[in-house]
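# Residue-level structural notes
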Amino acid sequence: MTLDAGGTELGLLRPLQQAPVLLFALFVGVWVDRWRVRSMMALSDLGRAVLLAALPVAYLLDLLSLPLLFVAAFAVGVFTVCFDVACQSALPRLVDRGRLAQGNGMLEGSRSASRIGGPALGGGIVSLLSAPLALFGSGVFFLLSAFSIRRIGRVETPPPRSEESAGMWRRIREGFQLIIDEAPLRAVAVSSAAFQFFYAGLMTMYLLFLPRTLHLSGAEVGLVLAALGPGALVGSFLAAVLPRRFGYGVVLMSTAVIADGALLLVPFLRGSSAATVVALMAINFVFATFAQTVDVTVTTVRLAITPADIQGRVVATINFVGMGLSPVGALLGGVLGGVVGLRTGLLVAAVGLLLSPLCMLLSPLARVGKALPEPRAEG
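Below is a short write-up of the structure. Residue indices begin from 1 for each chain and proceed along its sequence in written order. Local features in a predicted model are, by the rule used here, given only for residues with pLDDT of at least 70; side-chain atom pairs are given and counted only at 80 or more, and totals for whole chains, interfaces and linings are based on all residues. Water and hydrogen atoms play no part in the side-chain values, which are based on all heavy atoms of the structure.

### Observations regarding the overall build of the protein chain
Our working definition: Helix and strand definitions follow DSSP, with helices as H or I runs of at least four residues and strands as E runs of at least two, each counted in order from the N terminus. Atoms counted for the radius of gyration: C-alpha only. Globule rule: 2.2 Å times residue count to the power 0.38. Exposure categories follow from relative accessible area, calculated using a 1.4 Å probe and restricted to protein chains: below 20% of the type maximum is buried, above 50% is exposed, and the middle band is partly exposed. Only heavy atoms matter for contacts: two residues are in contact if any of them lie within 4.5 Å across the pair.
A count of helices and strands for the protein chain gives 15 helices and 0 strands. A globule of 379 residues ought to have a C-alpha radius of gyration of about 21 Å, and the protein chain, at 21 Å, matches this closely. Counting only C-alpha atoms, the protein chain reaches 55 × 55 × 35 Å along its principal axes. Sorting the 379 residues of the protein chain into buried and exposed places 42% on the buried side. Pairs at least 24 residues apart make up 89% of the contacts formed inside the protein chain by residues separated by at least 6 positions.

### Overview of the pattern of salt bridges
How we decide: Salt bridges are defined as contacts in which a side-chain nitrogen from Lys or Arg sits within 4 Å of a carboxyl oxygen from Asp or Glu.
Per the counting criterion, the structure on display carries 4 salt bridges. Of the charged contacts in the structure, one is a salt bridge between Asp-33 and Arg-313, with a shortest N-O distance of 2.7 Å. Of the two residues, Asp-33 sits in the loop between helix H1 (7–32) and helix H2 (37–60) while Arg-313 sits in helix H13 (residues 311–340), which places them 280 residues apart along the sequence. We classify Asp-33 as buried; its relative accessible area is 3%. On the basis of relative accessible area, Arg-313 is assigned to the buried category, the value being 5%. Taking the shortest distance from any N to any O, the salt bridge between Glu-174 and Arg-170 comes out at 3.8 Å. Residue Glu-174 and its partner Arg-170 are both found in helix H6 (residues 168–181); the two are separated by 4 residues, about one turn of the helix. When salt bridges with common partners are traced through the structure, they connect Asp-33, Arg-170, Glu-174 and Arg-313 into a single cluster.

### Here's the deal with the packing of aromatic side chains
Centre-to-centre distance and the angle between the planes together describe a pair of aromatic rings. For the record, the criterion: Centres within 6.5 Å make a pair out of two Phe, Tyr or Trp rings, where for Trp the six-membered ring is used; the pair is then stacked when the planes are under 30 degrees apart, edge-to-face when over 60, and tilted otherwise. Look at NZ for Lys and CZ for Arg. If either is within 6 Å of the ring centre and within 35 degrees of the ring normal, a charge sits over the ring.
Per the stated rule, a full pass over the model turns up 7 aromatic pairs. Every member of this aromatic cluster is reached through a ring pair, and the members are Phe-195, Tyr-199 and Phe-287. Above the plane of the ring of Phe-83 lies Arg-48, whose end atom (NZ or CZ) is 4.8 Å from the centre.

### With respect to a nonpolar patch on the surface
Rules: Think of a patch as exposed residues, more than 30% relative accessible area, with no salt bridge, where like charges cluster within 9 Å and nonpolar side chains (Val, Leu, Ile, Met, Phe, Trp, Tyr) cluster within 5 Å. The Shrake-Rupley method, run with a 1.4 Å probe sphere, supplies the accessible areas, and residue values consider only the shown protein chains as cover.
Together, Val-57, Tyr-59, Leu-60, Leu-61, Leu-63 and Phe-136 give the surface a local cluster of nonpolar side chains, amounting to about 580 Å² of exposed area. The element best represented in the nonpolar patch is H2, accounting for 3 residues. Residue placement: Leu-63 occurs in the loop between H2 and helix H3 (66–94).

### Here we look at the side chain of Arg-48
Summarising the element assignment, Arg-48 is placed in helix H2. Overall, Arg-48 belongs to the buried group, its relative accessible area being 6%. Not counting residues up to four positions away in its chain, the partners in contact with Arg-48 are Val-76, Phe-79, Thr-80, Phe-83 and Phe-142.

### As for H6
Where we set the bar: What a helix should span is 1.5 Å times the count of its residues minus one. Note that the arc is computed from the directions linking the helix axis to the C-beta atoms.
In this model H6 runs 20 Å from its N-terminal to its C-terminal C-alpha over 14 residues, within 8% of the 20 Å that 1.5 Å per residue would give. Those residues of H6 that sit buried are Arg-171, Ile-172, Gly-175, Leu-178 and Ile-179. One side of H6 carries all its buried residues, which in axial view fall inside an arc of 120 degrees. Opposite the buried face of H6, at more than 90 degrees from it, the exposed residues are Trp-169 and Arg-173.

### Concerning the nonpolar core
Test applied: Remark: nonpolar core denotes a set of buried residues (Ala, Val, Leu, Ile, Met, Phe, Trp, Tyr, Cys) joined through side-chain atoms within 4.5 Å.
Judged by nonpolar contacts, the single largest core of 26 residues is most densely connected at Val-314, Met-360 and Leu-365. Where this core is concerned, the elements lending two or more residues are helix H4 (100–128), H6, helix H7 (183–213), helix H11 (248–262), helix H12 (274–305) and H13. Counting residues per element, this core draws most heavily on H12, at 6 residues. The contacts of Met-360, once residues within four sequence positions are left out, are Ser-191, Leu-252, Met-253, Ala-256, Val-294, Leu-365 and Ala-366. Counting residues in hydrophobic clusters, the runner-up holds 25 residues, among them Phe-209, Val-221, Ala-262 and Leu-342.

Below you can see the structure in the form of structure tokens.
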């Protein structure tokens, strides 16, 4: 709004933020396996803080433009890839193996809580100041994050650098090869890719279905989407408790079916009454609760079965595959909705989501008990 951008310009912003995942994630995975993850996370936060602080300065100097915003969005995306891959690989270096599930649940719980409060706080700051000046707030929070990470007391020992002469592409291939060779990791990658593909297509149609087919107002759409946040928070804590009681495989399968099955109800809703809004909020709460339980549980299993010296490359490879299919799924979702209608298209995408738990059912993931599996011998 500040830069008077049209739909075409706005449509470029999202791909520019996602492109670094496809371009750099695999290389970042190699670096994470060789460096201290806390250093990479802190430096990534500092990079994002500087970039976001530069935009308000450019605005005050009357230098802010769309090309500058695009460059900043891409650069922030690069630092975000570095942070995310490092963060998802850090836990085994910081906590004992027996506390992976608890630690992962706490991390995801705090992340979910921030996603509830962050948008509201951001909206308030924008209202009080302006969009460009509000970016100072983001910069401050990234500085706080970097400071907090540097204050972690436990000494981190990076994995031994075996085969120092191995090149970058060889190390990337090792990440792919481990996922191909290890059935549980292969199942994680395939089920994640299936989910990301169909979920991207579903959300493309979903965000059109609410206002155009159900005729919900902007405020009602906001209420419906807001239910995702508390659900994710509840799911994070369930993931720290349920696997130890019922087993990781049972929890993965049951919660995945419940989460994906809940979205099957959306195409059958009609009208814009209060009952429809409440039903959508309930569906989103259930979906977010159990989808987050799946996400945290599968991450815990992945952390446990991946050797420490290749954690970064495995994370990067799974992210690369999943995010690589998301734009394709979103594009095909838009096409499907236009050809068969939003209601039918949503039903097709929701059924497609069930391929994710099916992939897990046909893999060793479904048979993981209350004890986490051991990793393959490192090296």
